[in-house]
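What the coordinates show
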Amino acid sequence: MKKISDSSTTKSSSQKTRYVYNFGEQTDGNASMRELLGGKGANLAEMAAIGLPVPPGFTVSTDVCTYFYAHGRSYPKTLAKDVEVAVKSVAKQMKREFGGRDNPLLVSVRSGARDSMPGMMDTILNLGLNDETVEGLASISDNPRFAWDCYRRFIQMYGDVVMGVQALNEESECPFHALLDNMKTSLGKELDNELTAEELQELVQRYKKLIADKTGKSFPQDVYEQLWGAVGAVFGSWKNDRAILYRSQYGIPAEWGTAVNIQAMVFGNAGDDSGTGVAFTRDPATGEKVFYGEYLTNAQGEDVVAGVRTPKPIAAMAKELPKNFTDLEKVRTRLEKHFKDMQDFEFTIENGRLFILQTRNGKRTGLAAIRIAVELNKEKLIDQKTALLKIPAESVDTLLVPVFDAKAQKEAKLICTGLPAGPGAATGRIAFTAAQAEIEARKGNKVILCRSETSPDDLKGMLHSQGILTTRGGVSSHAALVARQLGKVCICGAADITINYERKTLTANGITLKEGDYISINGTTGSVYQGLIESADSEVKRVLEGTMKASESYTYELFNTVMEWSDKYRKLRIRTNADTPAMAQTAVAYGAEGIGLCRTEHMFFEGSRIDDMRQMILAVDGVQRREALKKLLPMQRKDFVGLFKAMAGRPVTIRLLDPPLHEFLPQDDAVRRQLADKLGLPLEFVIDRIKALHEENPMLGCRGCRLGILYPEITEMQVQAIFEAAAELLTAKKPVEVHPEIMIPLVGFKAELADQLAIVHRIAEQVMTRKKIKFKYMVGTMVEVPRAAITADEIAEHAEFFSFGTNDLTQTTLGLSRDDMGLFYDEYQQKEIYSKNPFASLDKTGVGKLMQFAVTNGQKTRKDLKLGICGEHAGDPDSIDFCHNLGLQYVSCSPPRVPIARLAAAQAALRAAK
Ligand code: PEP
Ligand code: MG
């Protein structure tokens, strides 16, 4: 038995600290005591308190765990007595005796942390068996085989968990299993349950010898010694490697500790009127309100889980064990009404008597999360706010994206995984070039564009593809950014794949696929599969696009309900990042309230425009540049007219040109030649210009406002196009309201902003005079380099708004290229250097601090400074929560993420109000 410490408890003896909480005839705890009793203990107490048939037991509190680690793995001095009293009470309720020779009480000893940590800590079952009590169990069960099987299982579990008799390493076999296998082989038997009572008795002797040989100690026969050994092992398992890793993964503090639950064993393998099972109060896959689960007669819980026998669907119980089924139905209703959520519970029937062993909020798919929350509200079990908080915001995505058939995906061959960059499922023929993608698409085939990385040259191919797969680049690489904005499925940085463009093959983990072969990608999980997996548009998308009636889709009704509730409670406005009228329309259908970022450079990716853009970039002087810009002006004006129209009076933030120049210039010899021909320029000139414009690090080069400062005529053309478009719509026969907001990119010095501001105001005056109309507009800046954040007070002298460009702000704050995450990301995540990808979810303690600083100091200069965010983080629920608390007015994300952002913003507001 463990030494009982003499150190005093935290309270004086007159106000003795309570460490043991009973459940059963007398129940001391309840569901609200998770901190002290752990989730399992608290729910067991709650179930016992409301009269559900829970086998009696007690919980040793998490305080003891804290004490255990603070006092050299010893216990408070009052604990032994309290445990003994509690054990006696359990024995009395079960009409059995702990260690009793004739009528033995057996118990389970299980962990139970505040948040469930499934499978991470230790469990001991059938405790209380020894050489004498096993005979008692044999006679009361009238089943010696069962009794000896329980005993050998107990010795095996105890020998492993408490006495440390384990396999030497991961490759070698568990020594208990080795003995069991030897015995079966020598007897010519295949299955464990073919062993007779006598054979199991012999196995028990061999197990005990194994323990003695390995530890020099005999297997304890004293049941209290067994109990303290098990309790110590369960507390000790709070600090095993698995538990530590799990905690760090899910942010569970080590100080919480675990409770230990000691509960009377009941046996589902006591005969044909016994059984065991797992049930869900609703279908966890679809959320439908049907009784869901499975069971086995004459079996123990582990038989259901281990798949030794195939369990039967719960509905079959209505015939086989009708009385128990009626009772179980009542328990199902009771549990849901009481816990106000879908429950996942375990039950055992011992000789016709039903027991509930555990209940917890069931894990569920995204669709189920939404359906259950909405329906629980309809059933008046929870209010709207509670319902919203029960839905993981990302779940909304599952209603929007095309989906793979679940069964087909399971059967498909997984090739490798990459970074999930554009959610959804896409399947199609492999194309290694944008041109090939277009050819396939024109033939009516579905295509997956597979590239090492993408560039603006690939846009057309991307548009023609169902999905995009790249072997390099992170979640804010060109491919990811464009794919998400277009609502395309995308996986980036699938580093296991090698593409051979010459041979037109793709190889990963020994599998080689050719151009034209089918490949399937799941952009939600990052999994890449060989072959074709069928997928279809979501119902919600079809309703929003008008190809399906709202009244025909229950999924749409669910979606719409959640969106309406979200809009009621959120404070943040939701804008979108859109560059074309079509994207803007989709975003508005999804609920966008404005455009927070129009990347004007994306407007030049399409068709022949890219060549005009290239002509402008290649120009050697202002004269040539103005010539090229003249061609671009009408195109830009038309774009802005379209965009303003699509947004129908909602604010539109247009960012002036911010291209890393390398994205526009052809790297390919053939394309360079074509360009030279088209522009009527000598090839050598084109090559020389491209060389002259070469930058070692274009991401940190002549980008953003630097371009507009160097070539003011570009800024002039762009603002002229914006203001002329505004004037055209305001003076149209049917005037359209417009609210342009001009945004200057990559500003670090207030003088940069002042320089560009002067141009904007000058051109605005000119257009107003020329068009004889007055219009309002705002001018602001992106905050995307640390210097802008640090000098926010100065920058705000000129900026009417700040929009946090957290893609670049993360890149520049971390000194980490946003396109080169693939190489070391896995390693960094495994070593927990990054808990999340900082380009997908805000680095709150680093980048977030800069944002906070910028908000505080910007507002000192300009009280009514408008604040938003338009980096990729604006679509990430956790980052949205941060932005709400930061006091931003809006988040601007890609169109498909608008609904997620609406829900996440509501949840942030509800959490903050709590
Ligand atoms: C940003 O840097 O966060 C941003 C939105 O701009 P871009 O991604 O176009 O650089
Ligand atoms: Mg940027």
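Criteria and thresholds
- The numbering scheme is per chain: residues are counted from 1 as the chain's sequence reads.
- Chain labels run from A onward and ligand labels from 1 onward, assigned in the order the entries are written.
- At least 70 in pLDDT is required for a residue's local features to be given in this predicted model, at least 80 for side-chain atom pairs to be given and counted, and no such filter applies to totals for whole chains, interfaces and linings, which use all residues.
- Side-chain measures were taken over the full set of non-hydrogen atoms in the model, leaving aside hydrogen atoms and water.
- UniProt positions are given in the numbering used here, feature names are shortened, and annotations may be inferred rather than shown by experiment.
- Note on donors: an N, O or S atom is included if it sits within 2.8 Å of the metal, or within 3.2 Å for Na, K and Ca, and water is never included, so sites can look incomplete.
- Numbering of helices and strands runs from the N terminus, with a helix taken as a DSSP run of H or I at least four residues long and a strand as a DSSP run of E at least two residues long.
- Using a 1.4 Å probe on the protein chains alone, a residue whose accessible area is under 20% of its type maximum counts as buried, one over 50% counts as exposed, and one in between counts as partly exposed.
- Paired strands, in this sense, are two strands between which DSSP finds at least two bridges.
- Counting of polar contacts relies on pairs of N or O atoms within 3.5 Å, with two restrictions inside protein: one atom must be capable of donating a hydrogen and the other of accepting it, and residues adjacent in sequence are counted only when both atoms are side-chain atoms.
- Two residues qualify as a contact provided that any one of their heavy atoms is within 4.5 Å of a heavy atom in the partner residue.
- To estimate the expected span of a helix, subtract one from its residue number and multiply by 1.5 Å.
- When a carboxyl oxygen of Asp or Glu is within 4 Å of a side-chain nitrogen of Lys or Arg, the pair counts as a salt bridge.
- A residue's pLDDT is the confidence the predictor assigns to it, expressed on a 0 to 100 scale.
- Here the nonpolar core consists of buried residues drawn from Ala, Val, Leu, Ile, Met, Phe, Trp, Tyr and Cys, with membership extended through side-chain atoms lying within 4.5 Å.

The name recorded for the protein in an unreviewed UniProt entry is Pyruvate, phosphate dikinase, from Pseudohongiella acticola. The protein has a UniProt comment under Function (unreviewed entry) that states "Catalyzes the reversible phosphorylation of pyruvate and phosphate." Word for word, the UniProt comment on the protein under Cofactor (unreviewed entry) is "Mg(2+)".

Some thoughts on the coordination of the magnesium ion (ligand 2)
The protein atoms donating to the magnesium ion (ligand 2) are Glu784 (OE) and Asp808 (OD), with metal-donor distances spanning 2.0 to 2.1 Å. With Glu784 in the loop between β28 (778–783) and α30 (786–790) and Asp808 in helix α32 (residues 806–814), this residue pair connects regions lying 24 residues apart in the sequence. The same class applies to Glu784 and to Asp808, which are both buried.

Quick notes on the pairing of strand β14 (residues 425–431)
The buried count for β14 comes to six of seven residues, which makes it a mostly enclosed element. In terms of strand pairing, β14 meets strand β21 (residues 518–522) through five bridges, oriented antiparallel. Across the sheet, Gly428 pairs through a bridge with Ile519, a residue of β21.

Observations regarding the side chain of Asp658
Position of Asp658 among the secondary structure elements: in the loop between β26 (651–655) and α25 (669–679). For Asp658, a relative accessible area of 3% corresponds to the buried category. At 3.0 Å, the side chain of Asp658 and the side chain of Arg703 are in polar contact. For Asp658, the contacting residues outside a window of four places in its chain are Glu601, Arg703, Gly704, Pro745 and Glu784.

Quick notes on the UniProt feature "binding site: Mg(2+)" (unreviewed entry) in the protein
Mapped onto this structure's residue numbering, the UniProt feature "binding site: Mg(2+)" (unreviewed entry) falls at Glu784 and Asp808. Spanning 25 residues, the annotated positions come together in the fold, the maximum distance between their C-alpha atoms being 5.2 Å. Not counting residues up to four positions away in its chain, the partners in contact with Glu784 are Asp658, Pro745, Leu746, Gly805, Asp808, Leu809 and Thr812.

Concerning the UniProt feature "active site" (unreviewed entry) in the protein
Here, the residues flagged by UniProt with the feature "active site" (unreviewed entry) are His478 and Cys870. With respect to the element layout, His478 can be found in helix α19 (residues 478–486). The exposure class assigned to His478 is buried, which follows from its relative accessible area of 10%. Owing to a relative accessible area of 1%, Cys870 belongs among the buried residues under this scheme. With sequence-adjacent residues up to four places away left out, Cys870 is seen in contact with Asn577, Gly596, Leu597, Met743, Met782, Ser803, Phe804, Gly805 and Ser892.

Section: the environment of Leu414
By the secondary structure assignment, Leu414 is in strand β12 (residues 413–417). Each C-alpha atom of the pair Leu414 and Ala259 lies 40 Å from the other, and the pair is 155 residues apart in sequence. If sequence neighbours within four positions are ignored, Leu414 has contacts with Ser527, Val528 and Tyr529.

Section: helix α34 (residues 847–861)
Between the first and last C-alpha of α34 there are 21 Å, a value that for 15 residues agrees with the 21 Å anticipated at 1.5 Å per step. Buried within α34 we find Val847, Gly848, Leu850, Met851, Ala854, Val855, Asn857 and Gly858.

A look at the pattern of salt bridges
The full count for this structure, using the stated rule, is 55 salt bridges. Between Lys209 and Asp213 there is a salt bridge whose closest N-O contact spans 2.9 Å. Residue Lys209 and its partner Asp213 are both found in helix α7 (residues 197–215); the two are separated by four residues, about one turn of the helix. Side by side, Lys209 and Asp213 carry an identical accessibility label, which is exposed. Linking Arg575 and Glu741 is a salt bridge whose minimum nitrogen-to-oxygen distance equals 3.0 Å. Here Glu741 lies in strand β27 (residues 739–744) and Arg575 lies in strand β24 (residues 573–577), a separation of 166 residues in the sequence. Comparing Arg575 with Glu741 shows no difference in burial state: the two are buried. Where salt bridges share partners, they join Arg282, Lys289, Glu336, Arg371, Glu375 and Glu379 into one cluster.

Focus: the confidence of the model for the protein
On average, residues of the protein score 90 in pLDDT, and 95% of them are at 70 or above. Of the regions scoring below 50 in pLDDT, residues 1–13 engages in 29 contacts with residues more than four places distant in sequence or in other chains.

A look at helix α28 (residues 712–730)
The end-to-end C-alpha separation of α28 is 27 Å, in line with the 27 Å expected for 19 residues at 1.5 Å each. With 15 of 19 residues buried, α28 lies mostly within the body of the structure.

Quick look at unusual backbone geometry
With a phi close to 65 degrees, Lys380 is a non-glycine residue in the positive phi region. By the element assignment, Lys380 lies in the loop between α13 (366–378) and α14 (384–389). Exposure remark for Lys380: the relative accessible area of 73% places this residue in the exposed category. In the Ramachandran plot, Leu746 falls in the positive-phi region, its phi being about 50 degrees despite a non-glycine side chain. Within the element layout of this structure, Leu746 appears in the loop between β27 and α29 (750–771). Looking at Leu746, the relative accessible area reads 4%, which means it is buried.

A word on the nonpolar core
Counting residues in hydrophobic clusters, the biggest one holds 151 residues, and the most contacted among them are Phe644 and Phe723. Among the elements that line this core, the one with the most residues is helix α24 (residues 622–647), at eleven residues. The residues contacting Phe723, other than those within four sequence positions of it, are Ile742, Val760, Ile763, Ala764, Val767, Phe775 and Tyr777. Counting residues in each nonpolar core, the second largest holds 74 residues, with Ala138, Tyr151, Leu179 and Phe235 among its members.

Overview of the environment of Gln263
As for its position among the elements, Gln263 is in strand β5 (residues 258–264). For Gln263, a relative accessible area of 5% gives the class buried. Of note is the side chain of Gln263, whose polar atom sits 3.1 Å from the backbone oxygen of Pro55.

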